[in-house]
Amino acid sequence: MKAKLTINKDFKVGQIDKRLYGSFIEHLGRAVYHGIYEPSHPTADDMGFRKDVLDMVKQLNVPIVRYPGGNFVSGYRWEDGIGPKEKRPRRAELAWRVIETNEVGIGEFQEWAKRANSQVMQAVNLGTRGPEDARNLLEYCNFPKGTYYSDLRRSHGFEEPFNIKVWCLGNEMDGPWQLGAKTAEEYGRIACETAKIMRQLDPTIELVACGSSHLNMPTFGKWEATVLEHTYDYIDYISLHNYYGNHDNDTKSYLACSLDMDKFIKSVIAICDYVKAVKHSDKTINLSFDEWNVWFHSNEADKKLEPWQIAPHQLEDIYTFEDALVVGCLLITLLKNCDRVKIACLAQLVNVIAPIMTENGGSVWAQTIFYPFMHASNYGRGVALTPVVSCDSYSTEKVKDVPYIETIAVMNEDKKELTVFAVNRSLKEDIELEIDLRDFKNAKLIEHIVLENDDMKATNTAENPLNVAPHNNGITKMGSDCAVATLNKHSWNVIRFQ
Ligand code: AHR
C-alpha cells in the first residue's frame, strides 16, 4: 500500500504546549507507596524516593504531574499529609476503599516533582470539602510568608513557596461514583466561587474546571455548557477524561479509538466556543485532557480486591503491544489538536495504569506504552504541522472510514529538527509513506525508530522487561524533495530529520 504526507512550514496546527506531555500520580494502589516512594528500597534517596523510578520518569521528560487525584482528592484532607510524619493520621480512604497512611503529602510530592524535573498540577477537594479548604491549601503552597498557612509551611521546612501554577477545581464531579458528586448547576456555582477566592489570593494561577468524566456520560455536553456558563470568566481550561480498551478483542476497531478522542476534543471545543459567543466574550477557554490512557486489563482483578489494604496492587494494567499502538494514535490526536489542548496527562505514571512498573523492593521496568510516550515527549516539541494525508481507509462493524495511517509532523525550530510520527494500523500490509520535504530542503535523515512486534498481545514484565522495545533500523529512503518511509504492518514509527 502507498500513502502520502504533505506538510508545509506555514501550515501550522499550533505551538505545542510542553504540558501536553503531562502525567498523573494519584494516591491510589502502588502509585505513591512502593511506586515513587519506598524508603526501604536500595535506591531510595534522602526523602525515601526511589531513584530508579525517578530515572525512568526523567526519560519520559514529563513537565507537569497532576496530584493527588483523581477520585482520591474528593475525600482528601490535605492537612493530613503535612507536618511530622509520625503525627499524621491514617484514614479509611473511601474512593478506593484502602488505608491511606499519609506518609507522603503535598510537601513531599512537591519535592519529588522537583527531583523529576517536573511541576505539580494540584487538585483541590470540591467533593467533601469546599472553597475555604481550597483557599487554605493555596495559602500553604503559594503565599510567601507572614500568614498562618504560609508560616505553617515554613515551619515544616519549606521556606520557599511552592508556586504551583495550575490548579484543578475538583475531579469528575459529574460522576455518581465521586464522593460529593454534584449536578452541573451545583458544581458550576461552587467552582465559580472557589475560583474567585483562589484568584483573589493568587492572581497568577491557572484554573481547570471539571468537564465530563468521559464522552459517554449521559450529561455530556449540557454539563460543559452549564459549568462554563457559571465559570467562564474565572477559569482557563475545561477538563476532558477518557480511557480506552479492547473489551471485545476487536483490534481493528480498537486501533481506531483515537477517532473517538478526536470527536470528543472537537465537541468540547465547540461547546467552549458556543459559551464564548453567548457571553460575547473575547476570552478563549482551552482544554486540559488531564486523564487519558488505555484502562481495561485490570478491571476484573480489581473487583476481587479485599478492602482496607495499604497500597494494594490496584489498576495494574499490564499493557500489550497493541495498547502501545493505541497510545501512539492518541498522542498524535492530541498533537493534531494542540491549538486548543494545552495540557494533557497520561493517567497515570507509576504502577497504576502506568508506563512505569515496579516490584515492591525490587526492579523497575518500562511497559509497552512507555515508548510512544517517551518518543513524543522528547521529539514532539515545537510546532505541529497540519498533516495533509492521502491514504486508504477501512471500516469495521463498529467504526467507519478509519485511515490506515495516523500521522503528524512536528517542527522544532530551536533544534532545527523535523520529526514525523506515524502509526500503520494495517494488520496485514506494510505501507510506503512518501513524506513531502519540498519545504525542508537539504533535510537529512537522523534515524527511523520503530516499535513493532509480531504478537499484538506481547507484553513487558519484570522477568522479560525488553520483550517489546523500539529499534532504530526502520527503512526511510531519501529522494529529491521527499523521503519514502516503510511503515511496517502494525507499527509505531518516529522518523527524525535534521
Ligand atoms: O485514573 C484513575 C481514575 O479514573 C481517577 O481516579 C478518576 O478521576 C478516573 O475515573
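Refer to the preceding data block for the structure.
Residues numbered from 1 in each chain as written. Predicted model: local features only at pLDDT ≥ 70, side-chain atom pairs only at ≥ 80, totals over all residues. Heavy atoms only, no water.

Undergrad: Help me understand the nonpolar core in this model?
TA: Inside soluble globular proteins, nonpolar side chains tend to come together where they are buried. Grouped together as the largest cluster of nonpolar side chains are 165 residues, with contacts concentrated most on Trp 112, Trp 167, Tyr 187, Phe 289, Trp 292, Leu 349 and Ile 435. Ranked by the residues each element gives to this core, the list is headed by helix H10 (residues 321-336), at eleven residues. Apart from residues no more than four positions distant in its own chain, Ile 435 is found in contact with Leu 5, Ile 7, Val 420, Asp 481, Cys 482, Ala 483, Ala 485, Ile 495 and Phe 497. (Core = buried A, V, L, I, M, F, W, Y, C linked by side-chain atoms within 4.5 Å. Buried < 20%, exposed > 50% of the residue type's maximum accessible area, 1.4 Å probe, protein only. Helix = DSSP H or I, 4+ residues; strand = E, 2+ residues; numbered from the N terminus. Contact = heavy atoms within 4.5 Å.)

Undergrad: Hey, could you run me through the pairing of strand E11 (residues 286-294) in this one?
TA: The side chains of a regular strand alternate, residue by residue, between the two faces of the sheet. Most of E11 sits inside the fold, with nine of its nine residues counted as buried. As paired strands, E11 and strand E12 (residues 341-347) are joined by four bridges and run parallel to one another. In the sheet register, Ser 288 faces E12, and the bridge partner there is Ile 343. (Pairing = 2+ DSSP bridges.)

Undergrad: Is there a simple way to think about the packing of helix H1 (residues 51-60) against helix H11 (residues 370-379) in this case?
TA: The geometry of a pair of packed helices is captured by two quantities: the angle between their axes and the separation between those axes. In the contact formed by H1 and H11, the axes pass within 8 Å of each other and the chain directions differ by 55°. The orientation of H1 with respect to H11, classified from their angle, is oblique. Where H1 approaches H11, its residues Met 56, Gln 59 and Leu 60 are matched on the opposing element by Phe 370, Phe 373, Met 374, Ser 377 and Asn 378. (Axes fitted to C-alpha atoms, helices over the stretch in contact; angles between N-to-C directions. Parallel < 35°, antiparallel > 145°, perpendicular 65-115°, else oblique.)

Undergrad: Looking at this structure, how should I read the packing of aromatic side chains?
TA: With the rule as written, the count across this model stands at 19 aromatic pairs. Considering the side-chain rings of Tyr 33 and Tyr 37, the 6.2 Å spacing of their centres and the 80° angle between planes classify their relative orientation as edge-to-face. A single burial state applies to Tyr 33 and to Tyr 37, both of which are buried. Each ring, one from Tyr 394 and one from Tyr 404, has its centre 5.0 Å from the other, and the planes form 40°; the classification is tilted. Taken as a pair, Tyr 394 in strand E17 (residues 393-394) and Tyr 404 in the loop between strand E18 (402-403) and strand E19 (405-412) lie far apart in primary sequence, ten residues in all. For Tyr 404, a relative accessible area of 17% puts it in the buried group. Following the ring pairs from residue to residue traces out a cluster consisting of Trp 78, Tyr 140, Tyr 148, Tyr 149, Phe 158 and Phe 162. The ring of Phe 24 has Arg 66 sitting right over it, with the charged end atom 4.7 Å from the ring centre. The ring of Tyr 379 has Arg 496 lying over it, and the distance from NZ or CZ to the ring centre is 3.9 Å. (Phe/Tyr/Trp six-rings, centres within 6.5 Å; stacked < 30°, edge-to-face > 60°. Lys NZ or Arg CZ within 6 Å of the ring centre and 35° of its normal.)

Undergrad: What am I meant to see in empty space enclosed by the protein here?
TA: Under the definition given, this model contains three cavities of 30 Å³ or more. There is about 90 Å³ of room inside the largest cavity. Taken together, 14 residues make up the lining of the largest cavity; nearest its centre are His 27, Leu 28, Gly 29, Tyr 33 and Glu 100. Of the residues assigned to the lining of the largest cavity, the class counts are nine nonpolar, two polar and three charged. Roughly 70 Å³ of volume is contained in the second largest cavity. Around the second largest cavity, the lining residues are Val 73, Tyr 76, Trp 78, Gln 122, Ala 123, Val 124, Asn 125, Arg 129, Gly 130, Asp 133, Ala 134 and Leu 137. If you list the elements that add at least two residues to the lining of the second largest cavity, you get strand E7 (119-124) and helix H3 (131-142). Taken together, the residues that form the lining of the second largest cavity break down as seven nonpolar, three polar and two charged. (1 Å grid on protein atoms, 1.4 Å probe; cavity = no way out; pocket = protein on both sides within 12 Å on 5 of 7 lines; lining within 4 Å. Points joined across faces, edges and corners; volume = space filled by probe spheres on them. Nonpolar A, V, L, I, M, F, W, Y, C, P; charged D, E, K, R; others polar.)

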